[in-house]
Protein chains: 4
Amino acid sequence: MKKYSFKNDYSEGAHPLILQKLMETNLEQAIGYGEDDYCKEASALIKKELQKDSAIHFVSGGTQANLIVISSILRPYESVIAAESGHIAVHETGAIEATGHKINTIPTTNGKITTAQIDTVLKTHTDEHMVKPKMVYISNSTEVGSVYNKAELTEIYTFCKANNLILFVDGARLASALTSTKCDLTLADLANLTDVFYIGGTKNGALLGEAIVINNSTLDENFRYNIKQKGGMLAKGRLIGIQFSELFKNNLFFELGKHANTMANKLAEEISNKGYDFLTEPSSNQIFPILPNYKIEELQQDFEFYSWQKIDDNNSAVRLVTSWATPEEKVLEFINKI
Amino acid sequence: MKKYSFKNDYSEGAHPLILQKLMETNLEQAIGYGEDDYCKEASALIKKELQKDSAIHFVSGGTQANLIVISSILRPYESVIAAESGHIAVHETGAIEATGHKINTIPTTNGKITTAQIDTVLKTHTDEHMVKPKMVYISNSTEVGSVYNKAELTEIYTFCKANNLILFVDGARLASALTSTKCDLTLADLANLTDVFYIGGTKNGALLGEAIVINNSTLDENFRYNIKQKGGMLAKGRLIGIQFSELFKNNLFFELGKHANTMANKLAEEISNKGYDFLTEPSSNQIFPILPNYKIEELQQDFEFYSWQKIDDNNSAVRLVTSWATPEEKVLEFINKI
Amino acid sequence: MKKYSFKNDYSEGAHPLILQKLMETNLEQAIGYGEDDYCKEASALIKKELQKDSAIHFVSGGTQANLIVISSILRPYESVIAAESGHIAVHETGAIEATGHKINTIPTTNGKITTAQIDTVLKTHTDEHMVKPKMVYISNSTEVGSVYNKAELTEIYTFCKANNLILFVDGARLASALTSTKCDLTLADLANLTDVFYIGGTKNGALLGEAIVINNSTLDENFRYNIKQKGGMLAKGRLIGIQFSELFKNNLFFELGKHANTMANKLAEEISNKGYDFLTEPSSNQIFPILPNYKIEELQQDFEFYSWQKIDDNNSAVRLVTSWATPEEKVLEFINKI
Amino acid sequence: MKKYSFKNDYSEGAHPLILQKLMETNLEQAIGYGEDDYCKEASALIKKELQKDSAIHFVSGGTQANLIVISSILRPYESVIAAESGHIAVHETGAIEATGHKINTIPTTNGKITTAQIDTVLKTHTDEHMVKPKMVYISNSTEVGSVYNKAELTEIYTFCKANNLILFVDGARLASALTSTKCDLTLADLANLTDVFYIGGTKNGALLGEAIVINNSTLDENFRYNIKQKGGMLAKGRLIGIQFSELFKNNLFFELGKHANTMANKLAEEISNKGYDFLTEPSSNQIFPILPNYKIEELQQDFEFYSWQKIDDNNSAVRLVTSWATPEEKVLEFINKI
């Protein structure tokens, strides 16, 4: 890859502190399958942020986190409600259905769903000839870069509790959400306003790995059986433990998310200054400017990024993604070319 | 862990050359999901050993490799035949059944199955009221340390082809098998004598990762869909590509397997010299000496290892596992204590 | 149930000729699981209508027919395309997802989907991060009473073949469709314009039972294994064989469908004459007149039927279903009350 | 079929009283899906026998009953313990595995399992790398004609409760078990000594249908969703309701079972008198005499029955099954030919 890529936030390896720690600890012997001291340390560090004694489990990737959490909770006839644009609904090759469960999808313009929409799903699922919606899945930040703030999450969680629904937040890009200027949530809020969520490592400076956080303790019973059965339990669990330990020392996790956001904001501001509009309001490390097609072609000679959606015959929305590793100079180069 | 552990072959991190390469390439941008140049390089290096243009796919772990391969091949009513001691039958928390398929198990004393036993399974599954056995699963080396040699594998493969069965070899410990003095197989043989197999990285010096090798091209159609659906496709696929590239340069993969075997042989010889017997003939990096219980207790004050099976009131078989990282001095220390 | 019911077409038992035949043959011994002479006779009678040597399999119900057919054909990552109002998408409690497969739904106003809509689904499913649509499911007649005619079915089938898709027609109410004045299809057309379809018995005068017709012989391999595994194979398979034999003697199957349609037409005409409109054009044995709410309340004092959909504050659509057993006098009584 | 068949107990149609009632009620309108008055009446009649307010659900067949009950109770990583000869383990085409669950099988000589054997399974399943056994499945009568008596069932149930296991009894041939001279159990005992069981109709005079009885009310939550999803819910549920109503009026269910047993006993006594032995002790309506091969060939010229198992070069065990409909004269004819 010669051109600089704004295609995604998993193009690079890991933050150097992580690699350094892997080096230092490499020949230590550790017990396997996530029961080593590094996983324990990482759990303790995360719980400190949560201000709650939630259960923490590490798995190798986001699709795994989603399919393990959802299939472990739902009974065979229960379904999960998600945005039509939700990762589980679109980009996991039917992983949830492969565990036997329907996804009830809700159309959105900005990737976010409302309690009124959830309520409509409940009201149209009334008897045993239909699935029984039992869980709400949202992503924060969403697949189109928007974020739920504390008021919105509180409303959804309150609705879920009133309606006997489980709330699950996909945090593949949680670092970017939590450090967004549009989002006033903390990890401690997540611990109080969800039944279960996961903290994404892969898209925030780790080689791989996501931390599932189970706040509703009834959902944690025998949870490790599910991880093992679905192939999400690494023999060398230390690999994820060490990474999350590093991420949750000295605020690194948040610093990395913030850097990605800062780079995205810089892009967004300048693009906006040039008079261009956006598909969704820039809020996190994914932005969706609408550019003339000729301009997109020009930019693609120097940069890689996805053309996202046709707007009209002359204009399209593109997706630009920044990461913990995006150098400011590349952002400036891009801005100069617009 | 203060005591030295012979519990397994995944106690340490990765071979130093692997970590070094991860460091060197860390900030390069690479495309995701296993389509990067390192995965391509690793595939090319493996194919060179195979002397065949098989399809290579990298996944994050052994249970994943097994469940993805098996569920991708079998139709809903088809089953897989395996030894009662087979990893899929015992130690994957029902991962295969969770994809909908029965395992027809065969009792063994040494972890190895015969064509006569497979034939019996076929002969007792005769109509649509029973599952239809369609695949044979064997591990090499097996879960109890034994190995299949070329004559044995040839016989099984020939039987499978004559009976329209798929042969799948679980190679979680393939490096140890291929470098065992009891085994005359090469990777090129595996390519010719199986429909599909996987090459274990996790238990032979990688942080994680297994390479699925599909020799029967009809089984490769849309295979990546299966990997993605089951959560086995890492966003940062480079992580596995880089590791297998390093393992398959300069014979490292085989050197590491050989070292583990050499250490195990040394243990076995001395234990034998002291007059002790074994549960199964020492052949690879897992050995199962039968020791007096008092001796086991003594040894466990200095070393960690699993007590495997009660033999009689005074004696038990233990499992000792060596790895690419086992230092000779620890082996000598253990020998001294026997 | 004191009030006469227009709620559905499965309120009564079986056509008297069926019961009579069950009586006559009751103490004959027959081999089980659908291999008896009555099943053979029924198959032969159906094939005569098909003018094709398709494979015929009998199962106990419509949800079974759907889940068995779909799960037997799709590979794990493949999906089925259906109308949002399709029975499999709404009213089978996630039966298809429970076998592991996503349903890609298409919004419709009249229950019918078009090739343009199918094409859009294909165009938005482009790589292994998404499911691979492989089958198109349509119902004829549809869940809202509309019918596909020969031109429409030909277009869909041609599109499917051009795009390597399987076409499956749910014929729970096929008798009503085939005898509708709006539909010019025959069973022989179905045999040529679908890969697989099923002929509904339950909703056309049988006690239970549906006949799956597989026209694409590659889909028939080991099909009985699927029926058995999913619990769709009756020990006393004769029960379904006898019923379908009777239905396909002397045109009974079509006579019963026609009677249901005639009753529905009579209702529709008079309702139309009184100046009321319909949610969808009356075409088969389900009609959806839009009536004032006060009128609906009045009618419900004498008849049972479902209120289907709110139209505005004063009017709602109701669903009236007629059957093979609907007496003309009840239709006239209803008409008098409007 | 010209020869008289002792192959199974589902060769004939239904008991005449059942057919007569189907005739009488045929044109009544009834609500669908098992909520009609006949299902209610049948439930009430069964509960009277149970002397307990258990939940009753009707499904169309035995494989359905088994797969619905088991999949509704187990969490994804949980397994069911069964005899190696258990119907779910052998003759349901992997129906249980198809819902995602492993069956832990126990070898037996007479089809019956003991608490000591169950205990061994529990003791060898100790952590999250293995499935978690959660249910015990037994058949009464078993697949080889033996029966569990009250003392045995009490022991198993007590063990299950002490070990947090669910006890499920497959009663496909429960009528024969309950009326066996070797069995002192009543339906009321079953209600107290199992969590869930089913009462077989198909093999005791019904056209089809089994009654699932849930005694442990926590297992009944939303149970109908499971029935619908798996395709076990007949639109014309009345068909099963009417049949079970008839069976549980005037002791018919027990009379039919008793008749089958009486016919089997008569066969067994005379075969024994002629000096022949049995594979398992004759106890119910399935018996397994060991006969010389030449004798078997002779008998098969006049009767149909299964050759079950080779005993030695000259002798084999055969299976003779009697039913509610077996005429005494056919039994006498058979006896004469031995």
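Residues numbered from 1 in each chain as written. Chains lettered and ligands numbered in written order. Predicted model: local features only at pLDDT ≥ 70, side-chain atom pairs only at ≥ 80, totals over all residues. Heavy atoms only, no water.

Trainee: How should the sheet that holds strand 4 (residues 103-106) of chain C be read in this particular structure?
Mentor: Picture the strands of a sheet paired through backbone hydrogen bonds; they go either parallel or antiparallel. Residue and element names in this part refer to chain C. Strand order in this open sheet of 7 strands is 2-8-7-6-5-3-4, and the pairing throughout is mixed. The open sheet is flanked by strand 2 (55-59) and strand 4, the only strands paired with a single partner. Geometrically, the sheet is characterised by an average inter-axis angle of 25° between neighbouring strands, direction not taken into account. Of the strand pairs in this sheet, strand 2 and strand 8 (residues 210-214) are connected by 5 bridges, and their pairing is antiparallel. The residue of strand 8 that forms the bridge with A55 is I214. Each of strand 2, strand 7 (196-200) and strand 8 is contacted by helix 2 (residues 37-50), which is oriented at about 125° to strand 2, the strand it contacts most. (Pairing = 2+ DSSP bridges. Helix = DSSP H or I, 4+ residues; strand = E, 2+ residues; numbered from the N terminus. Axes fitted to C-alpha atoms, helices over the stretch in contact; angles between N-to-C directions. Contact = heavy atoms within 4.5 Å.)

Trainee: I would appreciate a short explanation of unusual backbone geometry in the present structure.
Mentor: For residues that are not glycine, phi is negative in most cases, and the peptide bond is trans in most cases. Note the cis peptide between N140(A) and S141(A), where omega equals -5°. By the secondary structure assignment, S141(A) is in the loop between strand 5 (132-139) and helix 7 (150-162). A positive phi angle is found at Y33(C), which is not glycine, with a value near 60°. With respect to the helices and strands, the residue Y33(C) is situated in the loop between helix 1 (16-24) and helix 2. With relative accessibility at 14%, the residue Y33(C) sits in the buried group. At N251(C), a position not held by glycine, the phi torsion is positive, near 65°. Note that N251(C) resides in the loop between helix 11 (238-247) and helix 12 (252-273). On the basis of relative accessibility, which here comes to 39%, the residue N251(C) falls in the partly exposed class. (Buried < 20%, exposed > 50% of the residue type's maximum accessible area, 1.4 Å probe, protein only.)

Trainee: Where do I start with a nonpolar patch on the surface in this structure?
Mentor: Residues and elements named next belong to chain C. On the surface, L279, Y306, W308 and I311 cluster together to form a nonpolar patch covering roughly 330 Å² of accessible area. With respect to the helices and strands, I311 occurs in the loop between strand 12 (306-310) and strand 13 (315-321). Owing to a relative accessible area of 37%, I311 belongs among the partly exposed residues under this scheme. (Patch = residues over 30% accessible without salt bridge, like charges linked within 9 Å, V, L, I, M, F, W, Y side chains within 5 Å. Areas by Shrake-Rupley, 256 points an atom, 1.4 Å probe, with all protein chains shown as cover. Salt bridge = Lys/Arg side-chain N within 4 Å of Asp/Glu carboxyl O.)

Trainee: Sorry if this is basic, but what is going on with the UniProt feature "domain: Aromatic amino acid beta-eliminating lyase/threonine aldolase" (unreviewed entry) in chain A here?
Mentor: Here the UniProt feature "domain: Aromatic amino acid beta-eliminating lyase/threonine aldolase" (unreviewed entry) sits at residues 22-288 of chain A. Structurally, residues 22-288 of chain A is divided into 41% helix and 15% strand, and its ends, taken at the C-alpha atoms, are 36 Å apart. (UniProt positions renumbered as here; feature names shortened; annotations may be inferred.)

Trainee: Mind showing me how you'd approach the sheet that holds strand 2 (residues 55-59) of chain A here?
Mentor: Residues and elements named next belong to chain A. Read from one edge to the other, the open sheet built from 7 strands follows the order 2-8-7-6-5-3-4, with strand pairing classed as mixed. Of all strands in the sheet, those with a lone pairing partner are strand 2 and strand 4 (103-106), marking the two edges. Strand-to-strand twist across the sheet, computed as the mean angle between neighbouring axes with direction ignored, equals 25°. In this sheet, strand 6 (residues 166-171) lies alongside strand 5 in parallel orientation, the contact comprising 5 bridges. The partner of Y137 across the bridge, within strand 6, is F168. Packing against the sheet, helix 2 (residues 37-50) makes contact with strand 2, strand 7 (196-200) and strand 8 (210-214), and its axis sits at approximately 125° to strand 2.

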